[in-house]
Amino acid sequence: MLRSFLFVPSDSERKLVKGEGSGADVLLLDLEDAVAEERLPLARGLAREYLAAHPDRSRMQLWVRTNAPSTPKALADLAAITAGAPDGVLLPKVRSADELVRIDHCLSALEAREGLQPGSIRIMPIATETPAAVFNLGTFPGSTSRLWGMTWGAEDLSAAVGASTNLDEKGELDFTYRLARSICLLAAVAAEVEPIDTVFLNFRDLGGLHREAQAARRAGFTGKLAIHPNQIETINRAFTPAPEEIEYAKRVLEAFASGAGTVGLDGKMLDMPHLKQARRVLASAGLLRRSSGGNGEFN
Ligand code: COA
Ligand code: MG
């Protein structure tokens, strides 16, 4: 399970080194918003070198955030970094499924050029950074078999909308951005890919991060983006099921082992949605494969 995704500005050798010890499940080597235009060639070179120097991805995956697919920079980013065999690419400011298909084709050509396994580089769009994307999210399922997850963002969306802020008078995200979050969650689930929550910007406020991460997990998100190494432990904890949740989920599966469609447990009626939820908990603990069928078995 990939729970935490740490953005690292790719033009900073210091942060690339620091990211390595962060405990994040994924480093997102950033070529977009965290890198000034004139430093992009340097950042591409450093990202490629970093990828090539870290071929073992068993502990930490390495993804790259490219520039927006609608810009010529995106293809130059991909051409520069594919030789390093990134595990995935995070695509910002996506507008439509067509853009995902085009990136899929480009990656196929680049994988062939570099002798990489076809389809090995996964795709995750930041799926709510343009108003157009919010209307097109339902078309993402099935657009490419590379689609691994979907995440959302409130900062670029408010800039695109022309809003002076994305917050309401209480300091909470305004309705437009909460709507984008919910639609992203539903679209990811509809596409049978991972819904990943967006960044928490106030990186000194770990209590606030904890509350936001817990709320995201309760809502159904399976991981969260991060901007600072000190956010990783909190995120990993929030998206790892607690021992009592795992025990309860095992009991639910056992209760359904006979093949019944509905059962009683601790005086409560359980039916298929409860079984599904228990299977999700065990899958997120790495105890059950997501796709495995049957009612009762787990490893
Ligand atoms: N990845 C790796 N290392 C990071 C890091 C990150 N995202 N953010 C901070 N660090 C390092 C710092 O370099 C510093 O290391 P040092 O002690 O060796 O100098 C250490 O962690 C402590 O950093 P701190 O002083 O608390 O923060 P800062 O003021 O240096 O940096 C930010 C604050 C926001 C600029 C920085 O966290 C950052 O670059 N975040 C990522 C931004 C990004 O990628 N945005 C795009 C997505 S929204
Ligand atoms: Mg951005």
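The preceding data block contains the structure.
Right, let's walk through the structure included here. (Residues numbered from 1 in each chain as written. Chains lettered and ligands numbered in written order. Predicted model: local features only at pLDDT ≥ 70, side-chain atom pairs only at ≥ 80, totals over all residues. Heavy atoms only, no water.)

1. Details of the layout of surface pockets
By volume, the largest pocket amounts to about 1200 Å³. In this structure, the largest pocket is lined by 43 residues; those nearest its centre are E155, T198, V199, F200 and L201. Within the residue set of the lining of the largest pocket, elements represented by two or more residues are strand 1 (4-9), helix 1 (13-20), helix 6 (155-161), helix 7 (175-190) and helix 8 (206-219). Across the lining of the largest pocket, the residue classes tally to 18 nonpolar, 8 polar and 17 charged. (1 Å grid on protein atoms, 1.4 Å probe; cavity = no way out; pocket = protein on both sides within 12 Å on 5 of 7 lines; lining within 4 Å. Points joined across faces, edges and corners; volume = space filled by probe spheres on them. Helix = DSSP H or I, 4+ residues; strand = E, 2+ residues; numbered from the N terminus. Nonpolar A, V, L, I, M, F, W, Y, C, P; charged D, E, K, R; others polar.)

2. Here's the deal with the coordination of the magnesium ion (ligand 2)
Ligation of the magnesium ion (ligand 2) by protein atoms is provided by D33 (OD) and D156 (OD), these donors lying 2.0 to 2.2 Å from the ion. A residue pair is termed long-range when its members are at least 10 positions apart, and D33 in the loop between strand 2 (26-30) and helix 2 (40-53) and D156 in helix 6 qualify at 123 residues. For D33, a relative accessible area of 48% gives the class partly exposed. (Donors = N, O, S within 2.8 Å, 3.2 Å for Na, K, Ca; no water. Buried < 20%, exposed > 50% of the residue type's maximum accessible area, 1.4 Å probe, protein only.)

3. As for the packing of helix 10 (residues 243-255) against helix 11 (residues 272-284)
Contact pair helix 10 / helix 11: the axes reach a minimum separation of 9 Å and the direction vectors enclose 135°. In terms of their interaxial angle, helix 10 and helix 11 are classed as oblique. Two packed elements cross with a definite hand, and for helix 10 against helix 11 that hand is left-handed. Counted together, E245, I246, A249, K250, V252 and L253 of helix 10 and H274, L275, A278, R279, V281 and L282 of helix 11 form the full contact between these two elements. The residue makeup of the contact of helix 10 with helix 11, split by class, is 8 nonpolar, 1 polar and 3 charged. (Axes fitted to C-alpha atoms, helices over the stretch in contact; angles between N-to-C directions. Parallel < 35°, antiparallel > 145°, perpendicular 65-115°, else oblique. Left-handed = near helix turned anticlockwise from the far one by under 90°. Contact = heavy atoms within 4.5 Å.)

4. Focus: the environment of T139
With respect to the helices, strands and loops of the structure, T139 is situated in the loop between helix 5 (131-136) and strand 6 (149-151). Sequence separation of T139 and T66 is 73 residues, and the distance between their C-alpha atoms is 22 Å. A polar atom in the side chain of T139 sits 2.6 Å from the backbone oxygen of N136. (Polar contact = N/O pair within 3.5 Å; in protein donor to acceptor, adjacent residues only side chain to side chain.)

5. Describing the site of ligand 1
Near ligand 1, the surroundings consist of 16 residues, among which F7, R14, K15, I227 and H228 are the closest. Residue F7 places a main-chain N or O atom 2.7 Å away from a nitrogen atom belonging to ligand 1. The contact in question runs from an oxygen atom of ligand 1 to an N or O atom on the side chain of K15, over 2.8 Å. Burial of ligand 1 by the surrounding chains reaches 66%, relative to a free accessible area of 890 Å². Taking a 2 Å distance to the grid points as the criterion, the majority of the atoms of ligand 1 fall inside the largest pocket. (Near = heavy atom within 4 Å. Areas by Shrake-Rupley, 256 points an atom, 1.4 Å probe, with all protein chains shown as cover. Sits in = over half its atoms within 2 Å of the grid points.)

6. Looking at the pairing of strand 3 (residues 61-65)
Within strand 3, 4 of the 5 residues are buried, which leaves the element mostly enclosed by the surrounding structure. Both strand 2 and strand 3 contribute to a ladder of 5 bridges, which runs parallel. Among the inter-strand pairings, L27 is bridged to a residue of strand 3, identified as L62. Between strand 2 and its parallel partner strand 3, the chain crosses via helix 2, and the hand of that crossover is right-handed. As paired strands, strand 3 and strand 4 (residues 88-91) are joined by 3 bridges and run parallel to one another. Bridge pairing in strand 4 links V64 to V89. (Pairing = 2+ DSSP bridges. Right-handed = clockwise from strand over helix to strand, strands pointing away.)

7. Considering helix 2
Between the first and last C-alpha of helix 2 there are 20 Å, a value that for 14 residues agrees with the 20 Å anticipated at 1.5 Å per step. Where helix 2 is concerned, the buried positions are L40, A43, R44, L46, A47, Y50 and L51. The buried residues of helix 2 occupy an angular sector of 170° when projected down its axis, which confines them to one face. With respect to the buried face of helix 2, the exposed residues turned more than 90 degrees away are P41, E49, A52 and A53. Where the residues of helix 2 are buried, they touch helix 1, strand 2, strand 3 and helix 3 (72-81). (Expected span 1.5 Å × (residues − 1). Arc of directions from axis to C-beta.)

8. Digging into the pattern of salt bridges
This model, assessed by the stated rule, comprises 19 salt bridges. We note a salt bridge from R3 to D25, for which the minimum N-O separation is 2.9 Å. In this pair, R3 sits in the segment before strand 1 while D25 sits in the loop between helix 1 and strand 2, placing the two residues 22 residues apart along the sequence. One salt bridge connects E32 with R65, and the closest N-O pair in it is separated by 3.3 Å. Residue E32 is located in the loop between strand 2 and helix 2, and its partner R65 is located in strand 3; the two are separated by 33 residues in the primary sequence. Of the two residues, E32 and R65, both sit in the buried class. (Salt bridge = Lys/Arg side-chain N within 4 Å of Asp/Glu carboxyl O.)

These values are about where atoms sit, not about what they do.
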